[in-house]
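Residues per chain are reported as follows:
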Amino acid sequence: GQQLNQSPQSMFIQEGEDVSMNCTSSSIFNTWLWYKQEPGEGPVLLIALYKAGELTSNGRLTAQFGITRKDSFLNISASIPSDVGIYFCAGRNFGNEKLTFGTGTRLTIIP
Amino acid sequence: NAGVTQTPKFQVLKTGQSMTLQCAQDMNHEYMSWYRQDPGMGLRLIHYSVGAGITDQGEVPNGYNVSRSTTEDFPLRLLSAAPSQTSVYFCASSYSIDNQPQHFGDGTRLSIL
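An account of the accompanying structure is given in this report.

Definitions and limits used
Residues numbered from 1 in each chain as written. Chains lettered and ligands numbered in written order. Predicted model: local features only at pLDDT ≥ 70, side-chain atom pairs only at ≥ 80, totals over all residues. Heavy atoms only, no water. Helix = DSSP H or I, 4+ residues; strand = E, 2+ residues; numbered from the N terminus. Rg over C-alpha atoms; globule rule 2.2 N^0.38 Å. 1 Å grid on protein atoms, 1.4 Å probe; cavity = no way out; pocket = protein on both sides within 12 Å on 5 of 7 lines; lining within 4 Å. Points joined across faces, edges and corners; volume = space filled by probe spheres on them. Pairing = 2+ DSSP bridges. Axes fitted to C-alpha atoms, helices over the stretch in contact; angles between N-to-C directions.

Some words on the overall build of chain B
- If you tally the helices and strands in chain B, you get zero helices and eleven strands.
- Element order for chain B, N to C, with α for helix and β for strand: β-β-β-β-β-β-β-β-β-β-β.
- Its C-alpha radius of gyration of 13 Å places chain B within 12% of the 13 Å reference for a compact globule of 113 residues.
- Across its three principal axes, chain B shows a C-alpha extent of roughly 35 × 30 × 25 Å.

Re the layout of surface pockets
- Counted as a void, the largest pocket has a volume near 500 Å³.
- Around the largest pocket sit 24 residues that line it, and A:Q37, A:I86, A:F88, A:R106 and B:Q37 are the ones nearest its centre.
- Those elements giving two or more residues to the lining of the largest pocket turn out to be strand 9 (85-92) and strand 11 (105-110) of chain A together with strand 9 (87-94) of chain B.

Here we look at the sheet that holds strand 3 (residues 19-25) of chain B
All names here are of chain B.
- Read across the sheet, four strands follow the order 1-3-8-7 without closing on themselves; strand pairing throughout is antiparallel. The two strands at the open ends of the sheet, each matched to only one other strand, are strand 1 (4-7) and strand 7 (64-66). Going across the sheet, the axis of each strand differs from the next one's by a mean of 20 degrees, ignoring polarity.
- In the sheet, strand 3 pairs with strand 8 (residues 76-78) via three bridges, with the strands oriented antiparallel. Residue pairing for strand 8: T20 is matched across the bridge by R77.

As structure tokens, this is what we get:
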């Protein structure tokens, strides 16, 4: 099946630094989603992207739908302690029930 | 507004036992699904339903059954638990399939001994 490669697998950054992570696919998607998961909870949707080239922001988070439709990027500016968690990308196609998830990027903030 | 509610939160089973993981949503969503989350593998779709009375298989359906008798509830059944089914299980719902982001429950952590 489709594979989503998410990188990096983990990040250790200092509070206030910017964060960048990306997700690449072996095939195209019509929708890219970014989720955050905190310990003991389910994933929570952060940003949804529906068009190639689209750039969407949600507060300090910015995500982009790659032009090739095979990749997506998430940036977090001026990180704060509550940004800690695992970030997942997911891809989906129109009329398809299946979300294909990446393996996650674990973000740790160093005080 | 409870959203998606999963019970139990934790469960330990012996190999061969059966059990049902419960999922309920109060958002009148048509689409519901079950995922399992394993270390290093992201979330994988087990079964899904596009409405009451309709279910279908996802990516990893073997060893699991589902039913959808009401819009609100979508239980997942393990008929004969195996150690390979040790995982965290998430239920999700959305208004429809097409481009609607899914709302996830908080998960059921299941260990099979």
